[in-house]
Amino acid sequence: MLMLAVFFYCYDQALSLFEEKKYYLHRMTSIYSVMEASSVAPKNVVTETLLPIVIKSFADPVPNIRILACKAVVKIAPFADASALQSRVKARMQELSQDKDDDVRFFAGEALSHM
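The rules behind these values
Residues numbered from 1 in each chain as written. Predicted model: local features only at pLDDT ≥ 70, side-chain atom pairs only at ≥ 80, totals over all residues. Heavy atoms only, no water. Helix = DSSP H or I, 4+ residues; strand = E, 2+ residues; numbered from the N terminus. Buried < 20%, exposed > 50% of the residue type's maximum accessible area, 1.4 Å probe, protein only. Contact = heavy atoms within 4.5 Å. Areas by Shrake-Rupley, 256 points an atom, 1.4 Å probe, with all protein chains shown as cover. Core = buried A, V, L, I, M, F, W, Y, C linked by side-chain atoms within 4.5 Å.

> Help me understand the overall build of the protein chain, please; the structure alone is not making it clear to me.
When its secondary structure is counted, the protein chain shows 7 helices and 0 strands. Sequence-ordered secondary structure for the protein chain, helices as α and strands as β, is α-α-α-α-α-α-α. Looking at the protein chain as a whole, 38% of its 115 residues qualify as buried. Counting contacts in the protein chain only where the partners sit at least 6 residues apart, residues at least 24 apart contribute 65% of the total. Approximately 6400 Å² of the protein chain is accessible, and the part contributed by carbon and sulfur atoms is 58%.

Laid out in structure tokens, this is it:
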């Protein structure tokens, strides 16, 4: 029970950093938090709470955030609902595989190969 309380506290902190959108490093920290939390959170929490943060990151103006979001998909995929990944993430990954940034295209392709 304590672990779940700590998880939700950390999630709230990560989300608030992500939503501020002032500094890209704060957004990166939020995504790293999502990646780590996904392995201990229940599948429904990963799918309904953590995955939307990653999905928002796909549209970030900073390429490094989009790259990390692609890496996050690979990390959290085993812990998320497969149908949600297919319906909510796959099309976005295909869009990112056409991104103007070479590295974003590469990591989007990597994420697609793990879906």
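What follows picks up the thread again.
> What am I meant to see in the environment of Met115 here?
Position of Met115 among the secondary structure elements: in the segment after helix H7 (102–113). Residue class for Met115 comes out partly exposed when judged on its relative accessible area of 28%. Considered as a pair, Met115 and Leu85 are 30 residues apart in the sequence and their alpha carbons are 7.6 Å apart. Residues contacting Met115, with those up to four places away along its chain left out, are Val73, Leu85, Gln86, Val89, Lys90 and Met93.

> Can you help me understand the nonpolar core in this one?
Nonpolar side chains in soluble globular proteins generally cluster together in the buried interior. Residues Val54, Phe58, Val73, Val89, Met93 and Leu96 are the most contacted members of the largest nonpolar core, which totals 31 residues. For this core, the secondary-structure elements that each account for two or more residues are helix H2 (24–37), helix H3 (43–57), helix H4 (63–76), helix H6 (90–96) and H7. It is H4 that contributes the most residues to this core, 8 residues altogether. When residues no more than four places from it in sequence are discounted, the contact partners of Met93 are Phe58, Cys70, Val73, Ala108, Ala111, Leu112 and Met115.

Limitation: the analysis is restricted to geometry and does not speak to function.
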